[in-house]
Structure formats: C-alpha cells, structure tokens
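Overview (structure and organization)
Here's the letter readout for the chains.
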Amino acid sequence: MSKTLSTDVVIIGAGIAGLWLHHRLNKMGVHALLLENKAIGNAQTLSAQGIIHGGAKYALNGILSKATQAIGDMPARWQACLAGHGDIDLSSVKVLANHQLMWSKGQLSSKMLSFFASKALASRMQPVPDPERPDIFQSHGFKGSLYQLDEPVLDIPSVLKSIATPYQDRILYANPEKALSWQQNGQHINSLNIGDITIEAQQFVLTAGEGNEGLLNSLNIKKPAMQRRPLQMVLCKSKDPSQSLPTLYAHSLGSGSKPIATITSHQNKSGNIVWYIGGNIAENGVGKSLATLAEEARTLLTEILPWATLPELEWAAHAVERAEPKQSALSRPDSAFVESKGNVHIAWPTKLALAPDLVDKAIKKLQKQGLVKHQHNEQALLAPAPFGDPLWDSAFQ
Ligand SMILES: Cc1cc2nc3c(=O)[nH]c(=O)nc-3n(C[C@H](O)[C@H](O)[C@H](O)COP(=O)(O)OP(=O)(O)OC[C@H]3O[C@@H](n4cnc5c(N)ncnc54)[C@H](O)[C@@H]3O)c2cc1C
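Presented here is an overview of the structure given in this document.

Thresholds applied
- Residues numbered from 1 in each chain as written.
- Predicted model: local features only at pLDDT ≥ 70, side-chain atom pairs only at ≥ 80, totals over all residues.
- Helix = DSSP H or I, 4+ residues; strand = E, 2+ residues; numbered from the N terminus.
- Rg over C-alpha atoms; globule rule 2.2 N^0.38 Å.
- Buried ≥ 20, exposed ≤ 12 C-beta atoms within 10 Å, placed from the backbone.
- Contact = placed C-beta atoms within 7 Å.
- Near = placed C-beta within 6 Å.
- Nonpolar A, V, L, I, M, F, W, Y, C, P; charged D, E, K, R; others polar.
- Expected span 1.5 Å × (residues − 1).

Attention now moves to the overall build of the protein chain. Broken down by element type, the protein chain carries eleven helices and 20 strands. The C-alpha atoms of the protein chain give 22 Å as radius of gyration, which agrees with the globular expectation for 397 residues (21 Å, within 12%). Projected onto the principal axes, the alpha-carbon positions of the protein chain cover approximately 70 × 45 × 40 Å. Per-residue burial for the protein chain yields a buried fraction of 43% across its 397 residues. Sequence-distant contacts in the protein chain: of pairs separated by 6 or more residues, those separated by 24 or more amount to 73%.

On to the site of the ligand, then. Taken together, 39 residues form the shell around the ligand, and within it Gly-13, Gly-15, Ala-43, Gly-209 and Gly-211 come nearest. Broken down by secondary-structure element, the contributors of at least two residues to the shell around the ligand are α1 (16–27), β3 (32–36), α7 (212–218), β14 (226–238) and β18 (313–325). Here the residues of the shell around the ligand are counted per class, giving 18 nonpolar, 17 polar and four charged.

Next up on the list: α1. Residues three or four positions apart in an α-helix share a direction because the helix packs 3.6 residues into each turn. Here α1 is twelve residues long and its end C-alpha atoms lie 16 Å apart, about the 16 Å a rise of 1.5 Å per residue gives. In terms of burial, α1 is largely enclosed, as ten of its twelve residues are buried. Listed in full, the buried residues belonging to α1 are Ile-16, Ala-17, Gly-18, Leu-19, Trp-20, Leu-21, His-22, His-23, Arg-24 and Leu-25. Just downstream of α1 lies Gly-29, where phi reads positive at about 95°.

Turning to the environment of Trp-315, a few remarks are in order. Checked against the element boundaries, Trp-315 lands in strand β18. Along the sequence, Trp-315 and Asp-87 sit 228 residues apart, while their C-alpha atoms lie 38 Å from each other. With near-sequence residues (within four places) excluded, Trp-315 lies in contact with Val-234, Leu-235, Cys-236, Leu-290, Ala-294 and Ala-297.

Next comes the structure, spelled out in structure tokens:
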C-alpha cells in the first residue's frame, strides 16, 4: 500500500488559527489537511477566556492604539459567524455572554469618562443602566461605574467543535513520537514525512503556536523568531456545588492602563461555575505555588468585589505560554501575523479574536504563491485527531 498522501495545503497545529484556516480553505474547494500532534485546541486555544475582544481594554490609557484599531472589527466578524452568515457557520456555538462588562470600584476620573463617551469608543461601550445590572452589581455596596462592551464571550470547546466538525476527516493525528522531516528543493518544500508516511503538498502553513519554534528549527528558518510570554491563570469554584459562584464576565478597572483582573465564568461537567481569572495576577503569578496564588487571588477578590459575599472556594492554577512573533522588549504584538518563506507560511494570531484576520492574510499569501485546486484521494493513513478537554474539569484534578 502507498504510504503517500497528497493534498493542496498542509496546515500544522489545530488551535484556533489552524482550524479556521483549514475550514475556510476546504470550504473554498481547496484540499487542506490539518495535522495535530496532541489534541484539537490543546494549547493556548483551550486556555483562552473566550472573549472576542474589540480593543476597549487596550484603550484604558486614553489612546486608541494600533492594537485597538486592528481588533476593532473582530466582534462584528464573529457576530456574523454566530448568526450563521459569516466566513464560518458558528450558529451552534454556545455564547456565554453577549457582552463583556468593565467595572470600577469607585467613580471613574472625568478624563476617563469623557474618553469612554468619545465618538471612537461610544459605539463600542455604554454605561449599564441600574435596572439592567447583573445581580452581583445590584448591591447597594457597589458605588462604582459599570460599562457594557460589544465583546461576546464564547464557550471555546463549542467553537472548536463547530469549526472542526464539517471537515473533521481531514484533521489528522501526527503522533509526536514519529520523526518529522521535510523533503526540500532549495527553499521549496516538496513534502513532509511523519515516520514512514509522506505528505505531498503545494504549500505548508505553520499554525502550531509554541510548536512553531521547533518546526522553524527543523526547516532551518531563523526569521521570523518566536517569543513566549508566560502566564499563570487562577481558577476557583465553590466547594459546595449547591452554592455556585454567580456568572461574571468582566474586567475590573483600577487607576492603571490595564485591567486589574479579567474574570470569566465556565460551567464544569457537574454544573458548578468556575471563575477563570486573568490580568495582573496571572502576569505576576508565573512560578508561584498554588497556595501563594490562591492567597493573592482571595485578597484580590475582596479588594475588587468588596460588597460581594462569595462561598467557600476551591482553587487551581493553570500555567501557559503565549506564543507570538518576537517583538522588541517582549511587548504584545498589535495584530495577527503571517510571514512567508517560499512555500512555507508562518502564522500566529496573537489573539483568538484575530483568527478571521489571520486567515484573510494567510489566504492572500497562499494565493500569491499560485494556489491551485486539485482532486486528491482520501486515504486513512493517519488516525483522526482527538479533541482536547475543557480546562474547567481538568485543572482541578
Ligand atoms: C490564558 C490565556 C487566555 C487567553 N484569552 C484570550 C481571550 O479571551 N480572547 C482572545 O482573543 N485571545 C485570548 N488568548 C490568546 C489566544 O488564546 C491565542 O492567541 C490563540 O489561541 C492562539 O491560537 P493558535 O492556533 O495560534 O495556537 P494554539 O492554540 O497554541 O494551537 C497550536 C496547536 O498546535 C499543536 N502543535 C504544536 N506543535 C505541533 C507539531 N509539531 N505538530 C502538530 N501540531 C502541533 C498544539 O498541540 C496545538 O493544538 C488567551 C491566551 C491565553 C494563554
């Protein structure tokens, strides 16, 4: 039996970037195979809070930066998909919240209030009238400001299912124990070998997140280089599932230019609500023990939600690296990144919300290289890639 597969495009890495590109290409009639060496969504994507950012959190210093502009169109792109008429039909995705909130414990400065009311931001965020506030902000103890952003929060496992399912037979498991090597002619890559299986393609796209580094090394490509920005996220849930935490999808504002904390809420298998907490605590929490992080998080919640009575909590931590194109001073990149080296394209979305933008850029690069649609036989030489597990269950084990 032949151990050679042929396809138009090989994509490596089934996080949000690889999945979105794979779906779009196959929908266009291009034959694309997606290879995953662990599980679908396994790395950063299943670690994401699921916020479809519109950029408001990058404008807290009163400036609409490049990052804010690049990401500004993304909520509308995703909303079209959620309504079933965008690039990808995401109408079966579970929407956790239609809006992300932003609250301050005390009144905002007049400078910040007029910036939020400015033409540039007013269409993206509005103050929430008192009767429409979620329960946790109904208390008389809450004296601050509450804004609603045009940023939905999505259940990521259901996003992965929706994008992967239509072309799932072309998402294959590339066992990491089998050696990966390339057959190339100068800068042109002819095929990829995984163990004794050869995959021939016109073009190759690397969407392996942190794994792009090893793949670039295997291809002897020095630039673009990758940077890692580590985080240790905090998770908590009520010890007594009958007194679950309330749902909250919100950034807590202080006086600085970044939110103090970002909290999203996710239901675990047994129906208990898990708060997933990012922001400064996760940036500064790298390398800390669970006991230290839990203590800091307990103090933080008392500071930012002083009026709220929370149940007795159980804690977990989740260490993860953000993988991105290298920037000076380890800063956050502004937009989705795709760079081509011959017929290899290297991609990092830098935000889950930017996947549609990344894929527009990647398709342009593939077409520039002269992408041609061919008929290919489907052969089951590799097993299908499994789906990764939601964090809300695995983190507490
Ligand atoms: C804690 C956290 C919270 C976040 N929250 C948000 C948010 O709310 N909103 C937002 O917009 N963004 C968020 N982000 C950013 C977002 O998650 C990432 O930008 C995005 O998921 C990156 O997707 P990716 O497909 O590039 O990479 P990944 O999701 O990392 O996927 C890469 C895939 O490639 C696979 N792989 C690696 N090496 C190989 C190989 N050699 N062969 C085959 N497969 C390989 C991996 O197993 C993995 O499945 C968050 C990030 C973190 C870390």
